[in-house]
Amino acid sequence: MENQYKYIEEQPKYLEHHAELGELIVSVPFFAGLPEDSLQKINTHFVTLSHPPNQIILLENDWGGSVYFILEGWVKIRTYNLDGKEVTLNIIGQGEIFGEMAALDKMPRSTDAITLTPTIIGRIPSQKFVDLITTEPLAGVRLAQLMAKRLRQVNRRLQLREANSTSRVADAILFLVEGQGQIGETGTAIPNLPHREISSLSGLARETVTRVLTKLEKRGIIKRDADLLTIPDLPALENMIL
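Quick look at the structure, then. Given the structure is predicted, the values throughout are model-derived calculations rather than measurements.

A look at the overall build of the chain
Now for step 1: Helix and strand counts for the chain come out as nine helices and 14 strands.
Now for step 2: Across the 242 residues that make up the chain, the buried fraction comes to 48%.
Now for step 3: Taking the contacts inside the chain whose residues are at least 6 apart along the sequence as the reference set, 72% of them involve residues at least 24 apart.

So, the packing of aromatic side chains
Now for step 1: Following the criterion strictly, the structure yields eight aromatic pairs and no others.
Now for step 2: Summarising the aromatic geometry, the rings of Tyr68 and Phe98 are spaced 5.1 Å apart at their centres and angled 10° between planes, so their arrangement reads as stacked. Here Phe98 lies in strand β8 (residues 97–98) and Tyr68 lies in strand β5 (residues 66–72), a separation of 30 residues in the sequence. Residues Tyr68 and Phe98 agree in their burial class; the two are buried.
Now for step 3: In this structure an aromatic cluster arises from ring pairing among Phe30, Phe31, Phe46, Phe69 and Phe129.

Details of helix α6 (residues 165–180)
Now for step 1: Relative to the 22 Å expected for 16 residues at 1.5 Å per residue, α6 spans 23 Å between its end C-alpha atoms, a close match to the ideal helical length.
Now for step 2: Among the 16 residues of α6, 13 are classified as buried, and the element is accordingly described as predominantly covered.

Some words on the pattern of salt bridges
Now for step 1: Applying the stated criterion across every chain, the model contains 10 salt bridges.
Now for step 2: Asp112 is the partner of Arg78 in a salt bridge, and the nearest nitrogen-oxygen pair spans 2.9 Å. Taken together, the positions of Arg78 in strand β6 (residues 75–80) and Asp112 in strand β9 (residues 112–115) put the pair 34 residues apart, joining distant regions of the chain. Take Arg78 and Asp112: they sit in the same class, and that class is buried.
Now for step 3: Residues joined in a network through salt bridges with shared partners are Lys76, Arg78, Glu86, Asp112, Arg196 and Glu197.

A closer look at the packing of helix α4 (residues 126–135) against helix α5 (residues 137–159)
Now for step 1: The N-to-C vectors of α4 and α5 enclose an angle of 105°; their axes lie 5 Å apart at closest approach. With respect to α5, the element α4 is oriented roughly perpendicular. Residues Phe129, Leu132, Ile133 and Thr135 of α4 pack against Pro137, Ala139, Gly140 and Leu143 of α5.
Now for step 2: Its residues assigned to classes, the contact of α4 with α5 comprises six nonpolar, two polar and no charged.

Details of the side chain of Thr119
Now for step 1: Take Thr119: it is sitting in strand β10 (residues 119–125).
Now for step 2: Among the polar contacts made by the side chain of Thr119, one reaches the main-chain carbonyl oxygen of Thr117 at a distance of 2.6 Å.

A short note on a nonpolar patch on the surface
Now for step 1: On the surface, Met101, Leu104 and Met147 cluster together into a nonpolar patch covering about 260 Å² of accessible area.
Now for step 2: Looking at the element boundaries, Met147 is found in helix α5.

Examining the pairing of strand β12 (residues 187–191)
Now for step 1: Across the five residues of β12, four count as buried, placing the element largely inside the fold.
Now for step 2: Pairing of strand β11 (residues 182–184) with β12 involves three bridges; the strand directions are antiparallel. Its bridge partner being in β12, Ile183 is matched across the sheet by Thr188.
Now for step 3: Hairpin remark: β11 followed by β12, antiparallel, with two residues in the connecting loop.
Now for step 4: Of the pairings in the sheet, the one linking β12 to strand β14 (residues 228–231) comprises four bridges and is antiparallel in character.

Each value, and the rule that gives it
Residues numbered from 1 in each chain as written. Predicted model: local features only at pLDDT ≥ 70, side-chain atom pairs only at ≥ 80, totals over all residues. Heavy atoms only, no water. Helix = DSSP H or I, 4+ residues; strand = E, 2+ residues; numbered from the N terminus. Buried < 20%, exposed > 50% of the residue type's maximum accessible area, 1.4 Å probe, protein only. Contact = heavy atoms within 4.5 Å. Phe/Tyr/Trp six-rings, centres within 6.5 Å; stacked < 30°, edge-to-face > 60°. Expected span 1.5 Å × (residues − 1). Salt bridge = Lys/Arg side-chain N within 4 Å of Asp/Glu carboxyl O. Axes fitted to C-alpha atoms, helices over the stretch in contact; angles between N-to-C directions. Parallel < 35°, antiparallel > 145°, perpendicular 65-115°, else oblique. Nonpolar A, V, L, I, M, F, W, Y, C, P; charged D, E, K, R; others polar. Polar contact = N/O pair within 3.5 Å; in protein donor to acceptor, adjacent residues only side chain to side chain. Patch = residues over 30% accessible without salt bridge, like charges linked within 9 Å, V, L, I, M, F, W, Y side chains within 5 Å. Areas by Shrake-Rupley, 256 points an atom, 1.4 Å probe, with all protein chains shown as cover. Pairing = 2+ DSSP bridges.

As C-alpha cells, this is what we get:
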C-alpha cells in the first residue's frame with residue numbers, strides 16, 4: 001500500500017448524518033423515480049460520511065457490508081497487476097456507485113477504492129441494496145445500465161492500449177469528462193487531478209503524461225489552473241485520438 005493513502009480505520013471521526021428524503025433523491029440519480037415507500041426504506045439506512053483526500057474506503061479482499069454512493073468528490077477504483085504495479089480501473093464522481101459487485105455475488109471485494117478529493121459518500125447495507133434491485137424493476141434496470149456503461153468504457157480503453165501517447169491521454173480526459181464533466185462559460189471542466197492519476201488511468205509513465213498535457217495546453221486544446229482542467233472545445237480533443 002502506498003504511504004500517501006490512509007485506511008479509513010485510522011481516522012474514525014467523520015461528519016455523519018442521515019439524509020432527508022428529498023436530499024437523497026437529488027444527490028443520488030439512481031434512486032430517482034422509485035416508489036416513495038421504497039425510498040423511505042432506503043433512507044432509513046442511508047448514512048453519509050465526509051472523507052479527506054487519499055482516504056482508502058475499501059480494500060481488495062475485504063468482505064463487503066455496504067454499497068456506496070458518491071455525493072461529492074472523486075474516487076479511484078484500483079487493483080494491482082502480477083508485477084505489483086497499481087492499475088487504475090476507474091475514476092468515478094458524483095452520483096456514481098461502487099461496492100455493488102460484492103453485494104451481488106457475496107464475495108470479497110475485488111478492488112480498492114480511494115478518495116482523490118474531499119469527498120462525501122453515502123452508504124447503505126449490502127442486503128438492503130440487493131432487496132431494492134430485486135423488488136424494484138427500475139433499480140434493476142439502472143444497475144444493468146451502469147454495468148453495461150462500465151464494460152463499454154473498459155473495451156474502449158483496451159482498444160487504445162496500442163495507440164500513441166497523445167491519443168491515450170486525450171481518451172483518459174474524455175473518459176473523466178463523460179462521467180463528471182461540468183459545462184461552463186469557458187468549456188467543459190473536470191478537477192485537475194494529479195498527473196499520476198491520469199498516468200495510471202492511461203497506462204503511461206507520469207513523465208509522458210506531463211509532456212502530453214503540456215503539449216495540449218500549448219495548443220489550446222486544454223486549459224489548466226490549480227483546481228480545474230478545462231476543455232474549451234470537446235471535438236478538438238476528440239480529434240486528437242488517432
